2 protein chains.
Amino acid sequence: MGAQDEAAGARRPGGRSARVRQAVLTAVLDELVESGYGALTFDRVAARAGVHRATLYRRWPGREQLVAEALLAQAGRDIPLPDTGTLRGDLRALAHAVVTNITSPLGEGLLRTLVSEAVRVPDISVAGRAFWEQRFTLATEIIRRGIRRGEVPSDVDPQLMLELLIAPLFLRLLVTAEPVTTAHADEVLDLLLPLIGSTPAGPQL
Amino acid sequence: MGAQDEAAGARRPGGRSARVRQAVLTAVLDELVESGYGALTFDRVAARAGVHRATLYRRWPGREQLVAEALLAQAGRDIPLPDTGTLRGDLRALAHAVVTNITSPLGEGLLRTLVSEAVRVPDISVAGRAFWEQRFTLATEIIRRGIRRGEVPSDVDPQLMLELLIAPLFLRLLVTAEPVTTAHADEVLDLLLPLIGSTPAGPQL
């Protein structure tokens with residue numbers, strides 16, 4: 001398999017080049033989940049993906065860029081934006097999706113990689129910020145829909161409310177090591193809902 | 001310096017043995033903050049603490065136990081329990097102390113070590129759980145005091161309320177990489193305070 005085939009593949013979406021990229025990025029994620037960033041090498045990724053190490057070096061200058069690309073490619077995938085018709089239904093579906101995601105081996109592995117490496121590895125830090133900005137931008141739409149439906153006062157800060165809702169889930173997973181469950185998410189949501197959905201809209205001008 | 005001196009020191013609180021232990025545990029924390037758990041070795045810790053590597057091997061079977069002991073020794077130190085006379089004052093002081101702690105190089109370094117290694121290293125996992133249990137047990141006293149003063153309904157779950165208050169600070173530090181500030185902590189507290197301090201106490205029997 002020569003460089004010519006790869007060049008041809010690169011011009012064909014879904015061709016060999018795209019398949020190689022997908023196999024490599026999947027291998028990176030699997031390595032991160034199994035062994036962590038510290039143990040990740042081009043050799044291990046290449047072996048796992050079934051490609052030559054030289055193929056990796058041609059496309060990615062180092063493991064920082066490789067890991068950052070794998071994280072970003074994964075970012076858009078695993079939490080859909082719910083649209084149930086009510087604020088409570090949407091927030092509940094979102095919180096449950098977060099629980100499912102961060103307690104899955106893949107989700108938890110990627111999250112821990114972001115948390116431990118973002119502070120040391122600039123490319124992973126950039127990937128992490130892009131990832132969370134994208135997530136929050138998507139999710140604040142839930143609050144904005146609530147505002148448009150008249151369920152939420154227009155002075156509510158969507159991002160802050162989402163932080164309050166999902167932060168306790170991450171706290172339990174990452175910090176206190178207590179069980180992360182949909183029952184806990186529901187308890188948090190039911191406490192917070194009056195703050196989001198039925199606070200007076202503040203002084204009217 | 002022979003084993004006899006050390007044995008004598010071990011029997012004298014504040015003696016050579018205690019000083020060596022303190023120097024070693026401080027060196028461990030400094031290494032964790034500077035380079036992370038992945039790079040921590042007995043050689044580096046011994047050099048930093050100014051002791052022989054053999055001294056470390058006599059006392060700690062491996063770096064897992066060494067790091068766990070250093071984390072636990074640090075646990076009780078850096079967040080005092082405020083007692084300002086009001087629920088809001090206490091919670092505000094607590095939240096500000098958490099901000100100061102987790103944004104300091106030492107606090108952030110230890111936290112990231114816990115987060116990244118607790119999942120792989122059983123001794124660090126045990127140390128982490130003991131650490132947080134101790135912290136929450138101390139801090140829930142703030143809510144219990146509020147209940148005794150009649151500021152807080154007796155059916156409020158102290159641990160859940162503290163989780164809601166501090167979780168957004170950890171989310172910003174560890175996950176979204178947004179600024180962790182006392183202004184943000186105050187904003188969260190002011191939102192949550194009506195839930196903690198003025199919720200109806202539920203159906204009375």
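The structure under discussion appears in the preceding block.
None of the values given here were measured: they were computed from a predicted structure.

**Q** I tried to follow the overall build of chain A on my own but got confused; where do I start?
**A** The secondary structure content of chain A amounts to 10 helices and 0 strands. Shown N-terminal to C-terminal, the secondary structure of chain A runs as helices and strands in the order α-α-α-α-α-α-α-α-α-α. A total of 205 residues make up chain A; the buried ones form 49% of that total. The long-range fraction of contacts in chain A, counting pairs at least 24 apart against all pairs at least 6 apart in sequence, stands at 65%.

**Q** What exactly am I supposed to notice about the relation of the copies chain A and chain B here?
**A** Mapping chain A onto chain B leaves a residual RMSD of 0.0 Å; the transformation is a rotation of 180° accompanied by 0.0 Å of translation along its axis. In short, the pair behaves as if placed about a two-fold rotation axis. In this assembly the copies share their binding face: 97% of the residues contributing to the interface of chain A also contribute to that of chain B.

**Q** Even after reading the chapter, I still don't get the interface of chain A and chain B, so can you show me in this structure?
**A** By a frequent convention, interface size equals the accessible area lost on bringing the separate parts together. Between chain A and chain B, the contact holds 38 residues from the first and 37 residues from the second. Both faces considered, chain A and chain B share a buried interface measuring about 3,100 Å² in area, 68% of it formed by carbon and sulfur atoms. The interface formed by chain A and chain B includes 2 salt bridges. Put simply, chain A and chain B have 12 residue pairs in polar contact (both at pLDDT 80 or more) between them.

**Q** Looking at this model, I keep getting lost on the packing of aromatic side chains. Mind explaining?
**A** Centre distance and the angle of the planes are the two values used to describe a pair of aromatic rings. Residue and element names in this part refer to chain A. In total, this model carries 6 aromatic pairs over all chains according to the counting rule given. Their ring planes at 35° and their centres at 4.6 Å tell us that Phe42 and Tyr57 sit as a pair that is tilted. Here Tyr57 lies in helix 4 (residues 53-59) and Phe42 lies in helix 3 (residues 42-49), a separation of 15 residues in the sequence. Assessed through its relative accessible area of 6%, Phe42 is described here as buried.

**Q** It is not clear to me how the pattern of salt bridges should be interpreted in this structure. Could you clarify?
**A** Should their charged atoms come close, side chains of opposite charge can pair. Considering all chains together, one arrives at 28 salt bridges over all chains under this definition. Put simply, Arg21 of chain A and Glu69 of chain A hold a salt bridge, and the shortest N to O gap is 2.7 Å. Residue Arg21 of chain A is found in helix 2 (residues 16-35), and its partner Glu69 of chain A is found in helix 5 (residues 63-75); the two are separated by 48 residues along the sequence. For Arg21 of chain A, a relative accessible area of 32% puts it in the partly exposed group. As a salt-bridge pair, Arg149 of chain B and Glu151 of chain B come within 2.7 Å of each other at their nearest N and O atoms.

**Q** Hey, could you run me through helix 10 (residues 182-197) of chain B in this one?
**A** It helps to recall that an α-helix has 3.6 residues per turn; residues three or four apart then point in one direction. When the local axis directions of helix 10 of chain B are compared, the greatest deviation, roughly 35°, occurs at Leu191 of chain B, which is followed within four positions by the proline Pro194 of chain B. What helix 10 of chain B keeps buried is the set His184, Ala185, Asp186, Val188, Leu189, Leu192, Leu193, Leu195 and Ile196 of chain B.

Cut-offs used in this document
Residues numbered from 1 in each chain as written. Chains lettered and ligands numbered in written order. Predicted model: local features only at pLDDT ≥ 70, side-chain atom pairs only at ≥ 80, totals over all residues. Heavy atoms only, no water. Helix = DSSP H or I, 4+ residues; strand = E, 2+ residues; numbered from the N terminus. Buried < 20%, exposed > 50% of the residue type's maximum accessible area, 1.4 Å probe, protein only. Contact = heavy atoms within 4.5 Å. Least-squares fit on C-alpha atoms with pLDDT ≥ 70 in both. Buried area = accessible area lost by both parts, 1.4 Å probe. Salt bridge = Lys/Arg side-chain N within 4 Å of Asp/Glu carboxyl O. Polar contact = N/O pair within 3.5 Å; in protein donor to acceptor, adjacent residues only side chain to side chain. Phe/Tyr/Trp six-rings, centres within 6.5 Å; stacked < 30°, edge-to-face > 60°. Bend = angle between axes of the 7 residues up to and from the residue.

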